[in-house]
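# Structure at a glance
Okay, here's what each chain looks like letter by letter:
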Amino acid sequence: MTSDVRSDEDGAVVPPGRQRLPGDRVALRGDLRSALPDATAAVAVTVLVFALLWARMDSGASDTVAVMPFMDDPGTYWMYLLSQAFGWSALLWAWGTVMLGLLLSGPRPARLPVCRQVLERWHRTTSLTTMALMFAHALMFAAELVRYETKVDWAERLWVAFADSFVPGWYDSGTGEIAIPLGQGALYLAVPLGLLFYVRHRIGANTWRRLHRFVIVVYVLSVWHTLLYGTNVWYGEWPRTVLWLLQLPVAVLLLLRLLRPARRAERLGPPSGGAGRPGWWLRAAGRVAVGAVVVGLVVVVVSGRDGGRDRPTHPPATAPHAQETD
C-alpha cells in the first residue's frame, strides 16, 4: 500500500496530483505579497519603539543620552533614533523567524496552533521582513552620519556615511570598531542565506539545507552586535538581562533540534568507523557546545552577570567619532 502524500525536494509534504512550481518563479513573488501584513506590523512596531525612544530622550531618561550626553535633542538626532527603532524591530523579527525555523526543523509538537504549511509561510515572510528591517537600520545609521559630517562637502559626506555603515572595518571609533562589522556581517549573510531558498531547485536541496544552517550565525552576530553597541542595553541593568533571557528559548530549541532532528538522516546515532568517525565527533561536539550555551545563559540570567557596564556618575561627553575634514 502506497502513501497518499509525497515529499518534495525541501522535505515539505505535497498532496498527490499537485506539482510544486519552481521557487524562483513563483514562491518569491508570492511570499513578498504574503509578507505585506507582516511588514506592516513591523513598521507599526518600529513606530512605537521610535516614539518610546523619542519620549525617553526628550525626558532625559534615555540610556543613549547617558552614554552620549551630546545626544540630548531628539529633534536633531531623530534619524539615529529611527535607526535604533529599526534595529530593535529587526532583532525581534529575527528572534521570531529563528524560533519558527527551529520549531519546524526540530521535534514536531503533537499539536500546533496552525498547520505546518502556515508556519512555513510565516517563517519565510518573517525572514524577508527581517532582511528589510536590517537594511533600514543600516540605512538610517548612514543617513545620521550624512547629517553629522558637516565639515566636508556632500560627496565626501555620502562616501564617509556609506563606508562607515556598509564597509567592514572602516568605522574606527570605540566599540563600533568591533560591533559594526558584526552587524554588517549579519546583514551580508542574511540576504543570500534567506534568498537561496528560492533557487534551491538550481543548487540542490541538500546544498541549500547545509547553507541554511548558517542562518543561526546571522542571529548570533545580530545579538552580539546589539549587546556590544545597543546603548539601550549598554548598562548591566534589567533591559540587558531581558535580552539575555530571550536567548534561552532559542538555545533550548536549537539543542532539541540537534538532539532530535525532524529528518532521520540528521540524527546522530552510534559512532561509525572509518571516514564517518570525524563527522560524528564534530556533530557530537556541536551538541555539547549548544548544551553548554544553554547552561551559560541560565547562569547569566540567574547571576545577573551579563557583561553590562557600570553606569558612570559623570558620563563621557564624546561624539561617535571625529568628523572628517578636508
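Refer to the structure above for everything that follows.
Model, not experiment: these values are computed from the prediction.

What counts, and where the lines are drawn
- Residues numbered from 1 in each chain as written.
- Predicted model: local features only at pLDDT ≥ 70, side-chain atom pairs only at ≥ 80, totals over all residues.
- Heavy atoms only, no water.
- Helix = DSSP H or I, 4+ residues; strand = E, 2+ residues; numbered from the N terminus.
- Buried < 20%, exposed > 50% of the residue type's maximum accessible area, 1.4 Å probe, protein only.
- Contact = heavy atoms within 4.5 Å.
- Core = buried A, V, L, I, M, F, W, Y, C linked by side-chain atoms within 4.5 Å.
- Salt bridge = Lys/Arg side-chain N within 4 Å of Asp/Glu carboxyl O.
- Expected span 1.5 Å × (residues − 1).
- Arc of directions from axis to C-beta.
- Axes fitted to C-alpha atoms, helices over the stretch in contact; angles between N-to-C directions.
- Left-handed = near helix turned anticlockwise from the far one by under 90°.
- 1 Å grid on protein atoms, 1.4 Å probe; cavity = no way out; pocket = protein on both sides within 12 Å on 5 of 7 lines; lining within 4 Å.
- Points joined across faces, edges and corners; volume = space filled by probe spheres on them.
- Nonpolar A, V, L, I, M, F, W, Y, C, P; charged D, E, K, R; others polar.

A count of helices and strands for the chain gives 11 helices and 2 strands. Tracing the chain from N to C terminus, the helices and strands come up as β-β-α-α-α-α-α-α-α-α-α-α-α. When burial is assessed residue by residue, the chain has 40% of its 326 residues classed as buried. The contacts in the chain between residues at least 6 apart in sequence include a share of 72% that link residues at least 24 apart.

It is worth spelling out the nonpolar core at this point. Met71, Tyr80, Phe86, Leu133, Met134, Phe141 and Tyr229 are the most contacted members of the largest nonpolar core, which totals 47 residues. When residues of this core are traced back to their parent elements, those giving at least two are α1 (23–59), α2 (63–67), α3 (78–105), α4 (116–148), α5 (154–166), α6 (176–195) and α9 (215–229). Tallying contributions element by element places α4 first for this core, with 11 residues. Sequence-distant contacts of Met134, defined by excluding residues within four places in its chain, comprise Ala90, Ala186, Leu187, Ala190 and Ser222. Counting residues in hydrophobic clusters, the runner-up holds 17 residues, among them Met99, Leu102, Leu254 and Leu255.

The subject of this paragraph is the pattern of salt bridges. Going through the model one piece at a time under the given rule, you end up with 4 salt bridges. Across the salt bridge formed by Arg124 and Asp31, the nearest N and O atoms sit 2.6 Å from each other. In this pair, Arg124 is assigned in helix α4 and Asp31 in helix α1, connecting sequence segments 93 residues apart. Across the pair Arg240 and Asp306 runs a salt bridge whose closest N-O atoms are separated by 3.9 Å. Placement of Arg240 in helix α10 (residues 238–259) and of Asp306 in the segment after α11 (276–303) is noted, with a sequence separation of 66 residues between them. For the pair Arg240 and Asp306, a shared accessibility class is recorded, and that class is buried.

On to α10. Because the α-helix completes a turn every 3.6 residues, residues three or four places apart line up on one side. Taking 1.5 Å of rise per residue, 22 residues should cover 32 Å, and α10 covers 32 Å from first to last C-alpha, within 8% of that figure. The set of residues buried in α10 consists of Arg240, Leu243, Gln247, Val250, Ala251, Leu254, Leu255 and Arg257. Angular distribution of buried residues about the axis of α10 spans 145 degrees; they occupy a single face of the element.

What follows deals with the packing of α4 against α5. Look at α4 against α5: their axes get within 8 Å of each other, and the N-to-C directions meet at 145 degrees. Between α4 and α5 the crossing geometry is right-handed. Packed against α4, whose contacting residues are Phe135, Ala138, Leu139, Phe141, Ala142, Leu145, Val146 and Arg147, the element α5 presents Trp154, Arg157, Leu158, Ala161, Asp164, Ser165 and Phe166 at the interface.

Moving on, we get to empty space enclosed by the protein. For the coordinates displayed, the defined rule picks out 1 cavity of 30 Å³ or more. Considering only enclosed or pocket space, the largest cavity measures out at about 500 Å³ in volume. Along its surface, the largest cavity is lined by 26 residues, and Gly87, His137, Gly183, His225 and Thr226 are the ones closest to its centre. At the level of elements, α3, α4, α6 and α9 are the ones that each hand at least two residues to the lining of the largest cavity. Looking at the lining of the largest cavity element by element, the count peaks at 8 residues for α3. Within the lining of the largest cavity, the residues separate by chemical class into 12 nonpolar, 14 polar and no charged.

What follows is about the layout of surface pockets. Computed from the structure, the second largest pocket encloses a volume of approximately 630 Å³. Residue lining of the second largest pocket: 22 residues in total, with Leu52, Trp88, Asn232, Val233 and Pro239 positioned closest to the centre. The set of elements that each furnish at least two residues to the lining of the second largest pocket consists of α1, α3 and α10. The leading source of residues in the lining of the second largest pocket is α10, at 6 residues. When the residues that make up the lining of the second largest pocket are grouped by side-chain class, the tally is 15 nonpolar, 4 polar and 3 charged.

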